[in-house]
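Letter by letter, the chains look like this.
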Amino acid sequence: MSTKPEIEIRFERGLFASRWLMAPMYLGLVVALGMLTLVFLRQLIYYVPQAMSMDPEQAILVILTLIDLTLAGNLLLIVLFSGYENFVSKLDISDTVDRPTWMGTVDFADLKMKLIASIVAISGIFLLKQFMEIGNKSTLDASYLMWLVIIHLTFVCSGVLLALMDWIAAKSKKR
């Protein structure tokens, strides 16, 4: 039997139930994933008929664009599944054979690392696409490319610092 006042118990239950306010946000991410899928398919439908006339550099740029969209979709799924399981409710789909092995095991620290790794990969692909287009676009200037590199390096440094902080936190918990 609890010694807490009834009002405190109800307040705490209300706070705990408020986690369901996140559910519409995760549903919105499902809609965003659908939008991203449409963009991917639009790009694919546009470029497939042109495949026979593309030069290798153009084909690589198209492929990098598709990879970029795929990585963004993977990022959405990671945030969607992990966020929902960590903050709202466990997904009761354990009897499904194709359940990803990481589901249910990704905590907030893991989610952070997966998120920053995906951002670095997406940024790196975008940067590579810009470098490959240097000869094709006369509008690319050195300051634009410099800022792209600075932004990418900021993402990389942030990832390294986050990993370092997680490592230090894990070391201090072991003591």
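Here the structure is a predicted model, which is why all the values come from computation and not from measurement. (Residues numbered from 1 in each chain as written. Predicted model: local features only at pLDDT ≥ 70, side-chain atom pairs only at ≥ 80, totals over all residues. Heavy atoms only, no water.)

Q: What's the story with the overall build of the protein in this structure? I'm lost.
A: Scanning the protein from N- to C-terminus turns up five helices and zero strands. Of the regular secondary structure in the protein, the N- to C-terminal order runs α-α-α-α-α. The globule rule puts the C-alpha radius of gyration for 175 residues at 16 Å, and the 22 Å found for the protein is more than 25% above it. Along the first, second and third principal axes, the C-alpha set of the protein runs to 75 × 40 × 30 Å. In the protein, which comprises 175 residues, the share counted as buried stands at 22%. Taking all contacts inside the protein whose residues are at least 6 apart in sequence as the whole, residues at least 24 apart take part in 68%. Summing over all exposed atoms, the protein offers an accessible surface of approximately 12,300 Å²; the carbon and sulfur share of this is 70%. (Helix = DSSP H or I, 4+ residues; strand = E, 2+ residues; numbered from the N terminus. Rg over C-alpha atoms; globule rule 2.2 N^0.38 Å. Buried < 20%, exposed > 50% of the residue type's maximum accessible area, 1.4 Å probe, protein only. Contact = heavy atoms within 4.5 Å. Areas by Shrake-Rupley, 256 points an atom, 1.4 Å probe, with all protein chains shown as cover.)

Q: What is the right way to read the side chain of Gln43 from this model?
A: Mapped onto the elements of the fold, Gln43 is located in helix H2 (residues 23–47). Setting aside its immediate chain neighbours within four residues, Gln43 contacts Thr65, Leu66 and Leu69.

Q: What should I look at first to understand the layout of surface pockets in this one?
A: Think of a ball as big as a water molecule: rolled over the atoms, this probe shows where empty space is left. For the largest pocket, the calculated volume is near 150 Å³. Taken together, 10 residues make up the lining of the largest pocket; nearest its centre are Tyr47, Leu61, Val62, Thr65 and Glu133. Elements supplying a minimum of two residues to the lining of the largest pocket: H2, helix H3 (56–87) and helix H4 (108–132). Per element, the largest residue contribution to the lining of the largest pocket is four residues, and it comes from H3. (1 Å grid on protein atoms, 1.4 Å probe; cavity = no way out; pocket = protein on both sides within 12 Å on 5 of 7 lines; lining within 4 Å. Points joined across faces, edges and corners; volume = space filled by probe spheres on them.)

Q: Explanation requested: a nonpolar patch on the surface in the structure shown.
A: On the surface, Leu38, Leu41, Leu44, Ile45 and Val48 cluster together to form a nonpolar patch covering roughly 480 Å² of accessible area. Residue position: Leu38 is located in helix H2. Among the residues examined, Leu38 registers a relative accessible area of 59% and is labelled exposed. (Patch = residues over 30% accessible without salt bridge, like charges linked within 9 Å, V, L, I, M, F, W, Y side chains within 5 Å. Salt bridge = Lys/Arg side-chain N within 4 Å of Asp/Glu carboxyl O.)

Q: Would you explain the pattern of salt bridges in this entry?
A: Scanning all chains against the criterion turns up three salt bridges. With a closest N to O distance of 2.7 Å, Glu12 and Lys4 form a salt bridge. Take Glu12: its relative accessible area is 31%, and that puts it in the partly exposed class. Across the pair Glu6 and Arg10 runs a salt bridge, and its minimum N-O distance is 3.1 Å.

Q: Looking at this structure, I do not really get the packing of aromatic side chains. What am I missing?
A: How two aromatic rings sit relative to each other is set out by the distance from centre to centre and by the angle between their planes. Overall, the coordinates contain three aromatic pairs when judged by the stated rule. Ring pairing ties together the aromatic residues Trp20, Tyr26 and Tyr84, which thus form one cluster. Above the plane of the ring of Phe16 lies Arg19, whose end atom (NZ or CZ) is 4.0 Å from the centre. (Phe/Tyr/Trp six-rings, centres within 6.5 Å; stacked < 30°, edge-to-face > 60°. Lys NZ or Arg CZ within 6 Å of the ring centre and 35° of its normal.)

Q: How should I be thinking about the environment of Ser82 in this particular structure?
A: With respect to the element layout, Ser82 can be found in helix H3. Residue Ser82 is classed as buried on the basis of its relative accessible area, which comes to 4%.

Q: Quick question: what am I supposed to make of the packing of H4 against helix H5 (residues 142–174) here?
A: The description of two helices packed together rests on the angle between their axes and the distance between the axes. Two elements in contact, H4 and H5, have axes whose closest approach is 10 Å; the angle formed by their N-to-C orientations is 160 degrees. Taken together, the axes of H4 and H5 lie roughly antiparallel to each other. Of the two possible hands of crossing, H4 and H5 adopt the one that is left-handed. Contacts from Ala109, Lys112, Met113, Ile116, Ile119, Val120, Ser123, Gly124, Phe126, Leu127, Gln130 and Phe131 of H4 reach H5 at Tyr144, Leu145, Leu148, Val149, His152, Phe155, Val156, Ser158, Gly159, Leu162, Ala163 and Asp166. (Axes fitted to C-alpha atoms, helices over the stretch in contact; angles between N-to-C directions. Parallel < 35°, antiparallel > 145°, perpendicular 65-115°, else oblique. Left-handed = near helix turned anticlockwise from the far one by under 90°.)

Q: How should I be thinking about the environment of Ala169 in this particular structure?
A: By the secondary structure assignment, Ala169 is in helix H5. Classification of Ala169 by relative accessible area gives partly exposed; the value is 32%. Residues Ala169 and Leu44, spaced 125 residues apart in sequence, show a C-alpha to C-alpha distance of 44 Å.

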